[in-house]
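Architecture at a glance
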Amino acid sequence: GAVVSQHPSRVICKSGTSVKIECRSLDFQATTMFWYRQFPKQSLMLMATSNEGSKATYEQGVEKDKFLINHASLTLSTLTVTSAHPEDSSFYICSARWLDETQYFGPGTRLLVL
Amino acid sequence: GENVEQHPSTLSVQEGDSAVIKCTYSDSASNYFPWYKQELGKRPQLIIDIRSNVGEKKDQRIAVTLNKTAKHFSLHITETQPEDSAVYFCAASNRRRGGSNYKLTFGKGTLLTVNP
């Protein structure tokens, strides 16, 4: 199956700093990548849809200036959490769309903001 | 927008028994329904999916059924094993004709526990 990697797997940062998370499709070209946030024992909440070469589409309630998304190539999308605060602590997961509707997920990044 | 309801939220079965998880969706235009398995701290893994042009799909011990009229779909796991224990998520999406809206709407998940 398709392989999606994510880096870093875990990050701890101080409040006010910015954190960048990378999502890569390793063995296929993904025209669309998705960024999700998952709280403990809860479902996946879509934050934004990232299309290569165009601006990301954010879901209602997600701050564009807070969560910067860049999809520079068909194999790489990045999510930058700017001026992170403790309430941004969460599990962030990306997915990449392969062929039609099928989405394959990265291993996730656990962010802890102190 | 799409709304996906999933039941039950927790399910406990004995090893060897069957497990059934049910989902309903609201958007009649939805046409793709995947199921994901997520172990604690791990990524969601696609285990089976079904498209709206079929009513049932089976892969070894796992099957999914779809009732478009009632707008519900179900996951069936037979001969359950302890390693089936995980959280299972259903999802629905609508690939609009000519568009690129492939986003998934997820159910809240079902914690399945298979007791040895």
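We now turn to the structure provided with this report. (Residues numbered from 1 in each chain as written. Chains lettered and ligands numbered in written order. Predicted model: local features only at pLDDT ≥ 70, side-chain atom pairs only at ≥ 80, totals over all residues. Heavy atoms only, no water.)

This paragraph deals with the overall build of chain B. From N to C terminus, chain B includes zero helices and eleven strands. Relative to its length of 116 residues, chain B is compact, with a C-alpha radius of gyration of 14 Å against a globular reference of 13 Å. Dimensions of chain B, computed from C-alpha atoms along their principal axes, come out at roughly 50 × 30 × 20 Å. Looking at chain B alone, contacts between residues at least 24 apart form 55% of all its contacts between residues at least 6 apart. Working note: accessible area of chain B is about 6100 Å², and carbon and sulfur atoms make up 46% of it. (Helix = DSSP H or I, 4+ residues; strand = E, 2+ residues; numbered from the N terminus. Rg over C-alpha atoms; globule rule 2.2 N^0.38 Å. Contact = heavy atoms within 4.5 Å. Areas by Shrake-Rupley, 256 points an atom, 1.4 Å probe, with all protein chains shown as cover.)

Nonpolar side chains collect at one region of the surface, where I12, L112 and L114 of chain A lie side by side and expose about 310 Å² of accessible area between them. Tracing the backbone shows L112 of chain A in strand β11 (residues 109-113). (Patch = residues over 30% accessible without salt bridge, like charges linked within 9 Å, V, L, I, M, F, W, Y side chains within 5 Å. Salt bridge = Lys/Arg side-chain N within 4 Å of Asp/Glu carboxyl O.)

Here we come to unusual backbone geometry. With an omega of 0 degrees, the peptide bond between H7 of chain A and P8 of chain A qualifies as cis. Residue position: P8 of chain A is located in the loop between β1 (4-7) and β2 (10-13). Between H7 of chain B and the following residue, P8 of chain B, the backbone shows a cis peptide bond with an omega angle of -5 degrees. For P8 of chain B, the position within the fold is in the loop between β1 (4-7) and β2 (10-14).

Turning to the interface of chain B and chain A, a few remarks are in order. Contact with chain B, which involves 19 residues of that partner, is made by 22 residues of chain A. For the pairing of chain B and chain A, the buried interface totals around 1700 Å² over both sides, and the portion due to carbon and sulfur atoms is 53%. Counting the surface chain B buries against chain A, the share from its top three residues, R43, Y102 and K103 of chain B, is 33%. Linking chain B with chain A are two salt bridges, by the criterion used here. K103 of chain B is the partner of E59 of chain A in a salt bridge, and the nearest nitrogen-oxygen pair spans 3.0 Å. At the boundary of chain B and chain A, one finds eight residue pairs in polar contact (both at pLDDT 80 or more). Going through the elements one at a time, β4 (32-38) and β5 (45-51) of chain B are the ones with two or more residues in the side of chain B that touches chain A. (Buried area = accessible area lost by both parts, 1.4 Å probe. Polar contact = N/O pair within 3.5 Å; in protein donor to acceptor, adjacent residues only side chain to side chain.)

Before going further, it helps to examine the pattern of salt bridges. Pairing between side chains of opposite charge can happen when their charged atoms approach one another. All names here are of chain B. Applying the stated criterion across every chain yields a total of seven salt bridges over all chains. Close ionic contact of K37 with E39 constitutes a salt bridge, the shortest N to O distance being 3.8 Å. By relative accessible area, which is 34% here, E39 ends up partly exposed. (Buried < 20%, exposed > 50% of the residue type's maximum accessible area, 1.4 Å probe, protein only.)

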